[in-house]
Amino acid sequence: MDYHNPHENEICNCGVGKRLVKCRYDGCFQYPISCSACFIKCHRHLPFHWVLEWDTTKRIWIQRNCSQLSDSFEIQLGHVYDTEPKPCTGTSSSIPFIVTHTTGIHVSRLRFCGCLNAPDRFDQLMDAKLFPATVSEISSPFTFAVLKDFHMQNFQSKCGAFDYLLALRHLTDNVFTAKVPVSSLLTVIFPALIHIRIPIRLFSEYPVYGMPYS
Ligand SMILES: [Zn+2]
Ligand SMILES: [Zn+2]
Ligand SMILES: [Zn+2]
């Protein structure tokens, strides 16, 4: 990992901002240091990658969520086929939410679709492959990817829910780990997955080898 930014005085390829932002080392492969606007544009479909932003005063990289790069950044549900991201006009505002993904626990902003005939909020989350903690607790969803990952870790290596959650907290922040926000529901959801045995194919687009669809 580079501890300095040799490009801090250079203009980004877009010709507008300075090259002060990059994807964390476990994110995009060979993503160049860019400006904030280019980073957000490239991460429209990768909103749970960690951002490293160069602090020109302290001269260190500071980890952020995508939502901290721009006040206008929000995850819009129900409009995935729009060529350009724009907020749904049927909803007045976005809501803060905490999403748990394989990269850690992210605080972000989520805007539901409020268009005529839009599905209810629970279905909108499920369509976006976000699993609500409960029917009423829609602001703390889990990605299908993290549920599948835990399922496999538990199945193959007997990793328990508590240890898995601990690892996710360290992935989020390996220094100030105690400050990572964790919903109390996290300790309920992962063990529940084991006991109710949600079929693994629920979290997969494709059939698992040896487990044909029925
Ligand atoms: Zn740029
Ligand atoms: Zn990335
Ligand atoms: Zn809409």
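Cut-offs and rules
Residues numbered from 1 in each chain as written. Chains lettered and ligands numbered in written order. Predicted model: local features only at pLDDT ≥ 70, side-chain atom pairs only at ≥ 80, totals over all residues. Pairing = 2+ DSSP bridges. Helix = DSSP H or I, 4+ residues; strand = E, 2+ residues; numbered from the N terminus. Core = buried A, V, L, I, M, F, W, Y, C linked by C-beta atoms within 7 Å. Buried ≥ 20, exposed ≤ 12 C-beta atoms within 10 Å, placed from the backbone. Contact = placed C-beta atoms within 7 Å. Axes fitted to C-alpha atoms, helices over the stretch in contact; angles between N-to-C directions. Expected span 1.5 Å × (residues − 1). Arc of directions from axis to C-beta.

(A) Summary view of the pairing of strand S3 (residues 60-64). Pairing of strand S2 (residues 51-55) with S3 involves five bridges; the strand directions are antiparallel. Note on S3: the bridge partner recorded for aspartate 55 is isoleucine 60. The turn linking S2 back onto S3 is made up of four residues, and arginine 59 within it adopts a positive phi angle of 60°.

(B) Unusual backbone geometry, seen in detail. In this model, asparagine 117 sits at a positive phi of 70°, which is unusual for a non-glycine residue. Residues other than glycine seldom take positive phi values, yet lysine 129 does so here, at roughly 60°.

(C) Representation of the nonpolar core within the structure. Counting residues in each nonpolar core, the largest one holds 13 residues, and the members touching the most others are Val21, Cys35, Phe39, Ile40, Val51, Leu52 and Cys66. Sorting the residues of this core by element identifies helix H1 (36-42) and S2 as the ones contributing at least two each. With sequence-adjacent residues up to four places away left out, valine 51 is seen in contact with Val21, Phe39, Gln63, Arg64, Asn65, Cys66 and Leu69.

(D) How the structure looks around the sheet that holds S3. Taken together, the three strands give an open sheet; going across it, the order is S1-S2-S3, and neighbouring strands pair in antiparallel fashion. The open sheet has two free edges, formed respectively by strand S1 (21-23) and S3, since each of these has just one partner strand. The mean angle between the axes of side-by-side strands here comes to 30°, regardless of whether they run parallel or antiparallel.

(E) Region of the structure containing helix H3 (residues 144-157). A rise of 1.5 Å per residue sets the reference length of H3, with its 14 residues, at 20 Å; its end C-alpha atoms lie 20 Å apart and thus fit the reference within 8%. Listed in full, the buried residues belonging to H3 are Val146, Leu147 and Phe150. The arc that holds the buried residues of H3, viewed along the axis, is 100°, so those residues lie on one side. Among the exposed residues of H3, those pointing more than 90 degrees away from its buried face are Phe155 and Gln156. Positive phi appears at lysine 158, one or two residues downstream of H3, with a value of about 60°.

(F) Looking closely at the pairing of strand S6 (residues 104-111). Pairing of strand S4 (residues 75-76) with S6, which is carried by two bridges, proceeds in the parallel orientation. Along S6, the bridge assignment pairs isoleucine 75 with leucine 110. Here strand S5 (residues 95-101) runs beside S6; their pairing, made up of seven bridges, is antiparallel. Residue proline 96 lies in a different strand from S6, and its bridge partner there is arginine 109. Linking S5 back to S6 in an antiparallel pair, the connection comprises two residues.

(G) Here's a closer look at the environment of asparagine 65. You can see asparagine 65 is positioned in the loop between S3 and S4. Spatially, the C-alpha atom of asparagine 65 lies 7.1 Å from that of serine 108, the residues being 43 residues apart in sequence. Setting aside anything within four residues of it in sequence, one finds asparagine 65 in contact with Val51, His106, Val107 and Ser108.

(H) Here's a closer look at the environment of glycine 114. Mapped onto the secondary structure, glycine 114 falls in the loop between S6 and helix H2 (121-127). Between the C-alpha atoms of glycine 114 and threonine 89, which are 25 residues apart in sequence, the distance is 7.4 Å. Beyond its immediate stretch of four places on either side in the chain, glycine 114 contacts Cys88, Gly90 and Thr91.

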